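Each chain, letter by letter, is given below.
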Amino acid sequence: MIKADEIAGILKQQIADFKGEVREDEVGTVIEVGANLARVYGLRGVRASELVEFPNGLQGIALNLEEDNVGVVIMGSDAEIKEGDRVRRTGRIASVPVGTALLGRVVNPLGQPVDGKGPIETVRFRTIENTAPSVVERQPVKQPLQTGIRAIDALIPIGKGQRELIIGDRSTGKTAIAIDTIINQKGRNVFCIYVAIGQKNSTVAALAQILEQKGAMEYTTIVASSPSEAAALRWLAPFAGCSMGEELMAEGKDVLIVYDDLTKHAQSYREMALLLRRPPGREAYPGDVFYLHSRLLERAAKLSDELGGGSMTALPVIETQAGDFSAYIPTNVISITDGQIYLTPNLFFQGIRPAVDVGLSVSRVGGSAQTKAMKSVAGQLKLELAQYRDLAAFAKLASDLDKGTQMQLMRGEKLTELLKQAQYQPQPVEEQVAILYAATNGYANDIPTPKLQAWARGLIDFLHQKHPDTLDSIRTSNQLGDDVKAKLNAAFTEFNTSF
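Below, the structure is looked at part by part. Since this is a predicted model, take the numbers as computed values, not measurements.

Calculation rules
Residues numbered from 1 in each chain as written. Predicted model: local features only at pLDDT ≥ 70, side-chain atom pairs only at ≥ 80, totals over all residues. Heavy atoms only, no water. Salt bridge = Lys/Arg side-chain N within 4 Å of Asp/Glu carboxyl O. Helix = DSSP H or I, 4+ residues; strand = E, 2+ residues; numbered from the N terminus. Buried < 20%, exposed > 50% of the residue type's maximum accessible area, 1.4 Å probe, protein only. Patch = residues over 30% accessible without salt bridge, like charges linked within 9 Å, V, L, I, M, F, W, Y side chains within 5 Å. Areas by Shrake-Rupley, 256 points an atom, 1.4 Å probe, with all protein chains shown as cover. Axes fitted to C-alpha atoms, helices over the stretch in contact; angles between N-to-C directions. Parallel < 35°, antiparallel > 145°, perpendicular 65-115°, else oblique. Contact = heavy atoms within 4.5 Å. Pairing = 2+ DSSP bridges. Core = buried A, V, L, I, M, F, W, Y, C linked by side-chain atoms within 4.5 Å.

**Some details on the pattern of salt bridges**
So, step 1. Here the structure, examined in full by the defined rule, presents 27 salt bridges.
So, step 2. Here D85 makes a salt bridge to K82, at a shortest N to O gap of 3.3 Å.
So, step 3. The salt bridge partner of D472 is R475, with a shortest N-O separation of 2.8 Å. Taken together, the residues D472 and R475, both in helix α14 (residues 468-477) and three residues apart, mark about one turn of the helix.
So, step 4. In this structure R475 comes out as partly exposed when scored by relative accessible area, which is 42%.
So, step 5. A single salt-bridge network, built from bridges that share partners, covers R124, R126, E246, E247, E251, K253 and R299.

What follows is the structure, encoded as C-alpha cells:
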C-alpha cells in the first residue's frame, strides 16, 4: 500500500536539499588553423600562457592576445582541428608535473612519460614561467660542481648555481661534456635534468641507455622533444625542465640542468613567432629572443640559506656555424652566462679530446668554485699552458730554438696530452689533483708523450694500491699540505723507477 503523505514528505525533503550548480565555461571558436597554430575568436577573458582545450582533448597555450582574436599554439598535431571548432578556457596557466617521481624517467615537455614505464605518480604541478630569484634571495657561487673532466675542473671551474655555456661547432663533443658531468654526479647528491631540444628519438634513447649503464639514470630526468613534434613543444621543453629543477631547488637540493641545445630552441621560437605574425628582427628572430633566454637562464641560482640553500646549475649548449661565435644567438647567450667552454674542430681533429680551447674558454666564477687542493695545482698549469700557446705560435716560424724554449714546448705538449680524457670516464677530484701535481712538478718530463695516458692510469692505480691514505686526505681535507706533498713526491719517484 503506497502512502501518499510519505511520498510527499520524501519529495519535499529532496526539493529542500536540491542545490543547483551553474558552471560557466568561456568558449571561443576556431577561425583559422594551420602549422600547429590556431586563431580563436571569442576568448575575451583568456590570460597570457593560459591553457585552452580543443574538442579532441588536445591543449594549446594562448600566446598572442590580440584585439579581436587569440593566437594559440597547439601542443600536438592540428590534423583533427578544423574551422568552427569550440575552444574552452581551462583557467590554468601552462604547468608541468614536478617532484622526485620524475627522476629516472624520460618525459615529453608536458611531463607525460614517453619511456613505456607506466604513469608517473605525482600530484604537484608548477607553472612553466616563474620569476627568477631576486638579488636578496641568492648567495655567491662558491661550492664546486665537479665535472670529472681534468681540463674543465682545473682551468674553467664550474660552481653550484653557475650558468656555464658549452659552445662549439657540431660534432665537437658538446653533449659528451654534459653527459660526463651528469655521470660524475653519482653519489654526490646532485639531481640532474637533461633537456633534449629537437633531438632525434634514437639519440635520446641511446643517451638514456648510457646513463642507465653508468647508474646515472636514477637521479636524472630526461625531457625530450623530437624534431618531428610541433615547434611549440620544442619551445616549451627548456621551461618545463627548468620548472622541474626549480621544485627540487626550492626543497634545498642541488640540481644540474643541461639545455641541449638553445640554438634549436631559438629557431623553434622564431618559427612560432613568424607564424603568429610577430614582427621579425635581426636574422628574422623576434625582438624578444634575448629575453626568451635570459628569463630562462636567470632562474638558475644558488639560493640563500634562509630559502634552504638549494642550487640549480645550468649548462646551456649552443651550436655555432663554422666557429662563428659572434653570431646573434651565440653572443646573446654568452652575455647572459657566467663564462663559456669553447670547443674547436681543429683540436678535435688533432685528437685533443675534450677539444676545449683553453685560451678562449673562461669561467667568470673562477677559483672561488675550486677546492684549495685544485687551486694550488691549477695556477701553475694555467701559466705553463699560456706560455706554451704563445711559444707554439712562434716556434712554427723559427728553425733553431734555444734549450729553454724547447723545454717549455716539451712541457706544454705533455700537459696538453695529460688533459686529454676518454668519454664516459669522469675522474674524482683527488685523482685529478694527483695527476696535475705530478705533471706540473716535472714527474712526467722523462715519459715519452705517446705513453703519458698509460703512465697517468698506472700512477692512479699505484696510488690506490700503495698510498690510498694520501688520496683520502686530499679528498677529505680538500688541501695539499706539505706532508701530503712529501708523500706524493715519494710515491711519484717510486712509481717512475718501476714504470
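Picking up after the structure, the text goes on.
**Some points on a nonpolar patch on the surface**
So, step 1. On the surface, I7, L11 and I15 cluster together into a nonpolar patch covering about 300 Å² of accessible area.
So, step 2. Tracing the chain through its elements places I7 in helix α1 (residues 4-17).

**Brief notes about the packing of helix α11 (residues 403-418) against helix α12 (residues 429-440)**
So, step 1. Running from N to C, α11 and α12 cross one another at 170°; their axes reach a closest spacing of 10 Å. Relative to α12, the element α11 lies roughly antiparallel. Contact residues: R411, L415 and L418 in α11; I435, A439 and T440 in α12.

**Digging into the pairing of strand β2 (residues 37-41)**
So, step 1. Within β2, four of the five residues are buried, leaving the element largely enclosed by the surrounding structure.
So, step 2. When strand β1 (residues 27-34) meets β2, the two strands line up antiparallel, connected through five bridges. Looking across to β2, one finds that E32 is bridged to R39.
So, step 3. Linking β1 to β2, which pair antiparallel, is a turn of two residues; within it A35 sits at a positive phi near 55°.
So, step 4. As defined by bridge partners, β2 adjoins strand β5 (residues 70-74) across four bridges and the pair is classed as antiparallel. Its bridge partner being in β5, V40 is matched across the sheet by V70.

**What to know about the pairing of strand β3 (residues 50-53)**
So, step 1. Looking at chain direction, β3 and strand β6 (residues 86-93) are connected through three bridges and run antiparallel. Following the sheet pairing, E50 is matched in β6 by I93.
So, step 2. By the bridge criterion, three bridges tie β3 to strand β4 (residues 59-65) in an arrangement that is antiparallel. Note on β4: the bridge partner recorded for V52 is G60.
So, step 3. Hairpin connection between β3 and β4: a loop of five residues separates the two successive antiparallel strands, and G57 in this loop has a positive phi of roughly 90°.

**Examining the nonpolar core**
One broad trend across soluble globular proteins is that nonpolar side chains are buried collectively.
So, step 1. Grouped together as the largest cluster of nonpolar side chains are 128 residues, with contacts concentrated most on I182, I222 and W455.
So, step 2. The element that contributes the greatest number of residues to this core is helix α5 (residues 231-250), accounting for twelve residues.
So, step 3. Sequence-distant contacts of W455, defined by excluding residues within four places in its chain, comprise L418, A438, Y443, A444, I447, F495, N496 and F499.
So, step 4. Of all hydrophobic cores here, the second largest spans 14 residues; its members include V40, V46, V52 and F54.

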